[in-house]
Amino acid sequence: MNGNLYRGQAGLPFSSTLRVYEPLEAFPEEQRAAIRAAGERAASRAAVENAELLASLGRITRSGGDPFPTGRTDLVRVTSVPGTGKDEDDDGAAAGEVLLYCPSQLVLRAGLAANALMEGIHGPLAELLIPEAQRDRHQERIDAVKARDGSVRVHTRASTWGIPFSWFSLFMEQDRKEVVEASGRILTVRVWASITDALERARYAVANLALAAPDLDMLDDLAQLTEWLEQFHVESMVELDYGAVADKVYPDESPTDIRLGIECLAEGDMTGAAAAYRRLASRWIPIRQLARAS
């Protein structure tokens, strides 16, 4: 199958992701060769996205009904950042660039997603769709990954039918971004920030919300997000990948609205904070309502 599957998203729900890319030295030494090799096999970013989507569709249609990934063909995304200016770094990057890596970690992420589904309101239905024997088999895969790799940092967070507002607090309008278009449609928008900038912005938001709006749900989300980012190498990059929802919302001023809303709350300007929230709600509530559309 060709890249048209990626372009069309195969009719799947809008899915957005938050990823952390780390330098090779941040990974255990025994994993580095495999991660670098997987990154080198990626012909293009579109090819990686297409391969991941094809694999997910294959899992839900394969015989035996086991929807979980095996980890045999885990993918690695690669991005680059300005380096020290030496001719070539140890990863083989071009002069002035350092390569950063984000492994898909599908085995771990699938386990986390299944657990969240079981604990949610659709738990009884999930038990019918994913029998206990399949969940037990996948837990064995998870245990094997943890035994092999030790303490594992999950590099990717995913969200369907909209982007959590807390994610926008990590980015600002001047951050580097890429708009991917084809056939008159926006396929996705990707925004990058250094992890030091992202953490500084998250901590600023947590500090101000803790004082001005301690009961806000977003405060808990931001605190968890901050703890997650603190696990990674100081030279990492954070990527927000809008996915197909970008075609519905871009150009998007959500990072600005989040920042203005928090500043208004910190200054006691409830009118300004309410205006920022209304702009966010008018943009994202219609997207979230699509999850319940028939």
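Heads up: the structure comes first, above all this text.
Residues numbered from 1 in each chain as written. Predicted model: local features only at pLDDT ≥ 70, side-chain atom pairs only at ≥ 80, totals over all residues. Heavy atoms only, no water.

1. Focus on the packing of aromatic side chains
Link 1 in the chain: Counting across every chain of the model gives 4 aromatic pairs.
Link 2 in the chain: Measuring from centroid to centroid gives 5.5 Å for W228 and F232, while their planes differ by 85 degrees, and the two rings are edge-to-face.
Link 3 in the chain: You can call W228 buried: its relative accessible area is 5%.
Link 4 in the chain: Exposure remark for F232: the relative accessible area of 8% places this residue in the buried category.
Link 5 in the chain: A network of ring pairs unites the aromatic residues F168, Y242 and W284 as a single cluster.
Link 6 in the chain: Over the face of the ring belonging to W192 we find R176, whose NZ or CZ atom lies 4.2 Å from the ring centre.
Link 7 in the chain: Above the plane of the ring of F165 lies R288, whose end atom (NZ or CZ) is 4.7 Å from the centre. (Phe/Tyr/Trp six-rings, centres within 6.5 Å; stacked < 30°, edge-to-face > 60°. Buried < 20%, exposed > 50% of the residue type's maximum accessible area, 1.4 Å probe, protein only. Lys NZ or Arg CZ within 6 Å of the ring centre and 35° of its normal.)

2. Notes on helix α2 (residues 29-41)
Link 1 in the chain: If you check which residues of α2 are buried, you get Q31, I35, A38 and G39. The buried residues of α2 all sit within an arc of 100 degrees when viewed along its axis, so they share a single face. Along α2, the residues that are exposed and aim more than 90 degrees away from the buried face are E29, E30, A33, E40 and R41. (Helix = DSSP H or I, 4+ residues; strand = E, 2+ residues; numbered from the N terminus. Arc of directions from axis to C-beta.)

3. Some points on the environment of T79
Link 1 in the chain: Relative to the helices and strands, T79 is located in strand β2 (residues 76-82).
Link 2 in the chain: On the basis of relative accessibility, which here comes to 11%, the residue T79 falls in the buried class.
Link 3 in the chain: Sequence separation between T79 and L99 is 20 residues, and the spatial gap between their C-alpha atoms is 5.8 Å.

4. Considerations on the pattern of salt bridges
Link 1 in the chain: Applying the stated rule across the entire model yields 18 salt bridges.
Link 2 in the chain: The salt bridge partner of R153 is E22, with a shortest N-O separation of 2.3 Å. Residue R153 is found in the loop between α6 (132-149) and β4 (156-160), and its partner E22 is found in strand β1 (residues 15-23); the two are separated by 131 residues along the sequence.
Link 3 in the chain: Taking relative accessible area as the criterion, R153 reaches 18% and is therefore assigned buried.
Link 4 in the chain: Where salt bridges share partners, they join R19, R45, E49, E52, R77, E178, R190, E239 and D241 into one cluster. (Salt bridge = Lys/Arg side-chain N within 4 Å of Asp/Glu carboxyl O.)

5. Looking at the pairing of strand β5 (residues 177-182)
Link 1 in the chain: As defined by bridge partners, β5 adjoins strand β6 (residues 185-194) across 6 bridges and the pair is classed as antiparallel. When the sheet's bridge partners are listed, E178 is paired in β6 with R190.
Link 2 in the chain: Here β5 hands over to β6 after 2 residues, with S183 in that stretch at a positive phi of 55 degrees. (Pairing = 2+ DSSP bridges.)

6. Description of the packing of helix α8 (residues 195-212) against helix α9 (residues 217-229)
Link 1 in the chain: Across the interface, α8 lies against α9 with an axial gap of 9 Å and an inter-helix angle of 150 degrees. Put simply, α8 runs roughly antiparallel to α9. For the pair α8 and α9, the sense of crossing is left-handed. Where α8 approaches α9, its residues I195, A198, L199, A202, R203, A205, V206, L209 and A210 are matched on the opposing element by M218, L219, L222, A223, T226 and L229.
Link 2 in the chain: Residue composition of the contact of α8 with α9, grouped by class: 13 nonpolar, 1 polar and 1 charged. (Axes fitted to C-alpha atoms, helices over the stretch in contact; angles between N-to-C directions. Parallel < 35°, antiparallel > 145°, perpendicular 65-115°, else oblique. Left-handed = near helix turned anticlockwise from the far one by under 90°. Contact = heavy atoms within 4.5 Å. Nonpolar A, V, L, I, M, F, W, Y, C, P; charged D, E, K, R; others polar.)

7. Structural notes on the packing of α8 against helix α11 (residues 254-266)
Two quantities define a packed helix pair, namely the angle between the helix axes and the distance between the axes.
Link 1 in the chain: One can describe the packing of α8 onto α11 by two numbers: an axis separation of 9 Å at closest approach and a directional angle of 40 degrees. For the element pair α8 / α11, the angle class is oblique. Judged by the twist between their axes, the crossing of α8 over α11 is left-handed. Between α8, through Y204, A205, N208, L209 and A212, and α11, the contact on the second element is made entirely by I262, E263, L265 and A266.

8. Re the side chain of R190
Link 1 in the chain: Inspection of the secondary structure puts R190 in strand β6.
Link 2 in the chain: Within the local environment of R190, its side chain forms a polar contact with the side chain of D241, the two groups lying 3.3 Å apart. (Polar contact = N/O pair within 3.5 Å; in protein donor to acceptor, adjacent residues only side chain to side chain.)

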